[in-house]
Amino acid sequence: MSLFKSLGLNESIVKALVELGYEKPTSIQQKAVPQILSSFLDVKAFAQTGTGKTAAFSLPIIEQITSDNQTVQAIILSPTRELAVQIGNNIDDFSKYLPKVKTATVYGGANIEEQIRKLKKGVQIVIGTPGRTLDLIKRKALKLDNINWLVLDEADEMLNMGFKEDIDSILKSTPKEKQTLLFSATFPKEVEAIAKNYMNNPVEITSGEKNVGSDNVEHEFYLITDRTRYAALKRIADINPDIYGIIFCRTKRETQEVADKLITDGYSADSLHGDLSQNQRDSVMEKFRQKKIQMLVATDVAARGLDVDNLTHVINHKLPDQIENYTHRSGRTGRAGNLGISIALVTNKEKGKLHPIEKKLKKKFKQVAIPTGEEVCQKQLMHLIDRVKTIDVNNSQIESFLPKIYEKLDGLSREELIQRFVSLEFNSFLSYYENSRDLNELIEEKRGKGRASSENMTRFFINLGRKDKLNPARLIGLINDQNIGEAIDIGAIDILDTFSFFEVEKEFESETLDAFEKNTPDFNGRTVNIEITKKEKATGRSRKNKKGFSKGGNKPRRKSNPASGFGRRRK
Ligand code: AMP
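Presented here is a report on the structure given in the accompanying data block. The numbers attached to residues start from 1 for each chain and follow its sequence in the written order. Local features in this predicted model are restricted to residues of pLDDT 70 or higher, and side-chain atom pairs are both shown and tallied only at a pLDDT of 80 or more, whereas totals for entire chains, interfaces and linings draw on every residue. The side-chain values count all of the structure's non-hydrogen atoms but skip hydrogen atoms and water molecules.

So, about the side chain of Thr129. Where helices and strands are cited, they refer to DSSP runs of H or I of at least four residues and of E of at least two residues respectively, numbered from the N terminus. By secondary structure assignment, the location of Thr129 is in the loop between β4 (125-128) and α6 (130-138). Overall, the relative accessible area of 7% leaves Thr129 in the buried class. Burial classes follow relative accessibility: with a 1.4 Å probe on protein chains only, a residue under 20% of its type's maximum area counts as buried, one over 50% as exposed, and anything between as partly exposed.

Stacked, edge-to-face and tilted labels apply to pairs of Phe, Tyr and Trp rings (six-membered ring for Trp) whose centres lie within 6.5 Å, assigned for plane angles under 30 degrees, over 60, and everything in between, in that order. Taken as a whole, this structure holds 11 aromatic pairs when the rule is applied. Seen in terms of ring centroids, Tyr22 and Phe94 are 5.9 Å apart; in terms of plane orientation they differ by 65°. Their pairing is edge-to-face. Of the two residues, Tyr22 is situated in the loop between α1 (11-19) and α2 (27-38) and Phe94 in helix α4 (residues 81-94); the sequence distance between them amounts to 72 residues. When its relative accessible area of 28% is taken as the criterion, Tyr22 is described as partly exposed. Looking at Phe94, the relative accessible area reads 1%, which means it is buried. Ring centres 5.2 Å apart and planes at 65° place the aromatic pair Phe57 and Phe183 in the edge-to-face group. Placement of Phe57 in helix α3 (residues 53-64) and of Phe183 in strand β6 (residues 179-184) is noted, with a sequence separation of 126 residues between them. Three or more aromatic residues link up through ring pairs in this structure, and these residues are Phe4, Tyr22 and Phe94. Between Lys261 and the ring centre of Tyr230, over which it is positioned, the NZ or CZ distance is 4.6 Å. A positively charged side chain is recorded as over a ring if its NZ (Lys) or CZ (Arg) lies within 6 Å of the ring centre. The angle to the ring normal must also be within 35 degrees.

Now for the pattern of salt bridges. When a carboxyl oxygen of Asp or Glu is within 4 Å of a side-chain nitrogen of Lys or Arg, the pair counts as a salt bridge. Inspection of every chain in the model, using the stated rule, returns 25 salt bridges. For Lys5, the salt bridge is made with Glu11, and the minimal N-O distance between the two is 3.0 Å. Among the salt bridges present, the one from Arg526 reaches Asp468, with a minimum N-O distance of 3.2 Å. Of the two residues, Arg526 is situated in strand β19 (residues 526-527) and Asp468 in the loop between β15 (457-462) and α21 (472-481); the sequence distance between them amounts to 58 residues. When its relative accessible area of 33% is taken as the criterion, Arg526 is described as partly exposed.

Of all 5 residues in strand β11 (residues 295-299), 5 are buried; the element is thus mostly enclosed. Side chains Met295, Val297 and Thr299 project from β11 onto one buried face, and the interleaved Leu296 and Ala298 project onto a second face that is buried too. Sheet topology places strand β9 (residues 245-249) next to β11; 5 bridges connect them, and they run parallel. Each bridged residue has a counterpart across the sheet, and for Ile247 the counterpart in β11 is Val297. Should DSSP find at least two bridges between two strands, the strands are taken to pair. Bridging between strand β10 (residues 269-272) and β11 involves 4 bridges; their strand directions are parallel.

We now examine the environment of Glu113. Within the secondary structure layout, Glu113 lies in helix α5 (residues 112-121). Overall, the relative accessible area of 42% leaves Glu113 in the partly exposed class.

With respect to spatial proximity, 16 residues lie near the ligand, and among them Tyr22, Gln29, Gly50, Gly52 and Thr54 are the closest. N or O atoms within 3.5 Å of each other form a polar contact, as long as, within protein, one can give a hydrogen and the other can take it, and as long as residues adjacent in sequence are counted only when both atoms are side-chain atoms. Between an oxygen atom of the ligand and a side-chain N or O atom of Tyr22, the distance comes to 2.5 Å. At a separation of 2.9 Å, a nitrogen atom of the ligand approaches a polar backbone atom of Lys24. The accessible surface values rely on the Shrake-Rupley method and a 1.4 Å probe; as for residues, cover is taken only from the protein chains in view. When the ligand is considered free in solution it has 490 Å² of accessible area, and contact with the protein chains removes 84% of it. Polarity classes work like this: nonpolar for Ala, Val, Leu, Ile, Met, Phe, Trp, Tyr, Cys and Pro, charged for Asp, Glu, Lys and Arg, and polar for all others, with Gly in that last group. When its residues are assigned to classes, the shell around the ligand shows 3 nonpolar, 8 polar and 5 charged. By convention here, the domain bounds are inherited from an automatic or database domain assignment. When residues of the shell around the ligand are assigned to domains, at least three map to each of domain 1 (5-206) and domain 2 (217-372). Near is defined per residue: the residue qualifies when any heavy atom it owns lies within 4 Å of the molecule or strand.

If you want to describe how two helices pack, look at the angle between their axes and the distance between the axes. The contact between helix α16 (residues 373-390) and helix α19 (residues 414-433) brings their axes to 10 Å, and the two run at 160°. Looking at the two axes, α16 sits roughly antiparallel to α19. For α16 against α19, the interelement crossing comes out right-handed. Between α16, through Gly373, Val376, Cys377, Gln380, Leu381, Leu384, Ile385 and Val388, and α19, the contact on the second element is made entirely by Phe421, Val422, Glu425, Phe426, Phe429, Leu430 and Tyr433. A fitted line through C-alpha atoms serves as each axis, taken over the contacting stretch for helices, and the angle formed by two N-to-C directions is quoted from 0 to 180°. By definition in this entry, angles of less than 35 degrees are roughly parallel, angles greater than 145 are roughly antiparallel, angles of 65 to 115 are roughly perpendicular, and the rest are oblique. Left-handed describes a crossing whose near helix is turned anticlockwise from the far helix by less than a right angle; the clockwise case is right-handed. What makes two residues a contact is simply this: any of their non-hydrogen atoms within 4.5 Å.

The next point concerns the environment of Phe248. As for its position among the elements, Phe248 is in strand β9. We classify Phe248 as buried; its relative accessible area is 2%. Placed 71 residues apart in sequence, Phe248 and Leu319 show a C-alpha to C-alpha distance of 8.2 Å. Ignoring any residue separated from it by four or fewer positions in sequence, one finds Phe248 in contact with Ala298, Thr299, Asp300, Ala303, Val314, Ile315, Asn316, His317, Lys318, Arg329 and Arg332.

For the rest of this paragraph, the subject is the sheet that holds strand β7 (residues 203-206). With respect to topology, 7 strands assemble into an open sheet ordered β3-β4-β2-β5-β6-β1-β7, the strand pairing being parallel. With partners counted over all chains shown, the strands left at the sheet margins are β3 (103-106) and β7, one partner each. For this sheet, the mean angle separating the axes of adjacent strands, direction not counted, is 15°. Examined bridge by bridge, strand β5 (residues 149-152) and β6 share 4 bridges and lie parallel to one another. Looking at β6, one finds that Leu152 is bridged to Leu182. α2 rests against β1 (43-46), β5, β6 and β7 of the sheet, and its axis sits at about 155° to β7.

Now the structure itself:
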């Protein structure tokens, strides 16, 4: 017997589920379906997006609907239009072989008259956003006095979005005798209050542990600085040429900015947030679903309605303020049996936010180093070669061109051909990353910079500053180049506009002065001068100057667009 049938669902529903590819019920479905079918008790369910919660509440409702009666028997409230539409579509799919079951999905921003017409035709299940649902009740186009089921889906999000009053008003128009099903990923006190005020001794169901993330998700963090956040994001995208993911931001502005930068830099990305019109949002989501966009930069709320199962990555451009939102975000990947990676970009200061999340997840974040330019190039190159190996060759279409091409390439050896072809595709990438900084080293520098100088350090003035394109790495490189000592300690570095300061171990004070005097180095066309200067507060530690620390740092090179189409679909 089908596993769904054993939950108490009839043949028509089971047939539709089989066609949808649902082989066995998810954990929340196993618990909710028999419970709702066998009892009138209210249900309070802890379930996140991606657990199969929509089917968990809608299948038992469809099963029990009196389809010959055309009055509204169930109302499902959802926070966003997208989610409402998705639930409506799911229910239509589930009831494909029950033609008398009719649904209406109602939401703001769309023609209300059409929705009224649909309701007038007679439907048993209404799925709606709170604002529009209330509007229709007030216009007497929607009557909830005979409903048997009230579903509050993503209750936490509805309250977050300020729908508390609308929900209160809607609930007042429902009969006392009904079954209330409340689904929420988190249970802050506002949701508990709704449960307390509107539910009668509800049965609690959970799809696993409350607020615990999926087992299929690995959690990683990259240590960045605020200045390297975007560069790190790009490298993560570059080292994962097949990335298909959501980049979560905290504000609409941050979302738009990150998306704009990615698009300008040639990545396949777009933004999704509440400031876009409904049409724009629909179009972005559709493009993302169809994989015409690889990276969707989104706010938490806007991404709620998006139902995509095969995301490879979720990236927290900035961590959310509430821990629960992290589980929500990361739960967008690792769905339907797929593996997923949830990445957090954190500064040293933000790192502390990971511990409470780890406690909640009962999983540790793994620190991953930001890929170096070399690693990115290697990965992209291999990706290119893989694509060459697997590309479908359409012989009939290219056949007529081949003789001329062979003639033109005559005389080139196999090796030369490969080299040229790889260079053609790869040069722009290579030159972008040539001399690129190791972003992990920048963190070290920042740490070093934060420390006060120690007693046994000498502070030097140097006549170069930001205007000369000096930065800590280049300064360290410059000091290294003077061959002052094998492994001298360099302490705090302060780069100012036209001059800077750095510290060197006291015992190398005179060697440092001598070396600069003897070598009279030149930096970006300026002769370099250093002088011992008065020291500021003297505490803290210094750090070792490792050989090669400044590798590549002396020749600044920036290009806005690294890619020449490697694994990236351009728009
Ligand atoms: P939901 O949590 O309701 O948003 O569902 C998440 C995704 O899982 C949706 O794409 C559903 O179509 C899918 N899904 C739900 N239940 C099952 C199931 N039993 N088997 C396979 N896929 C499912």
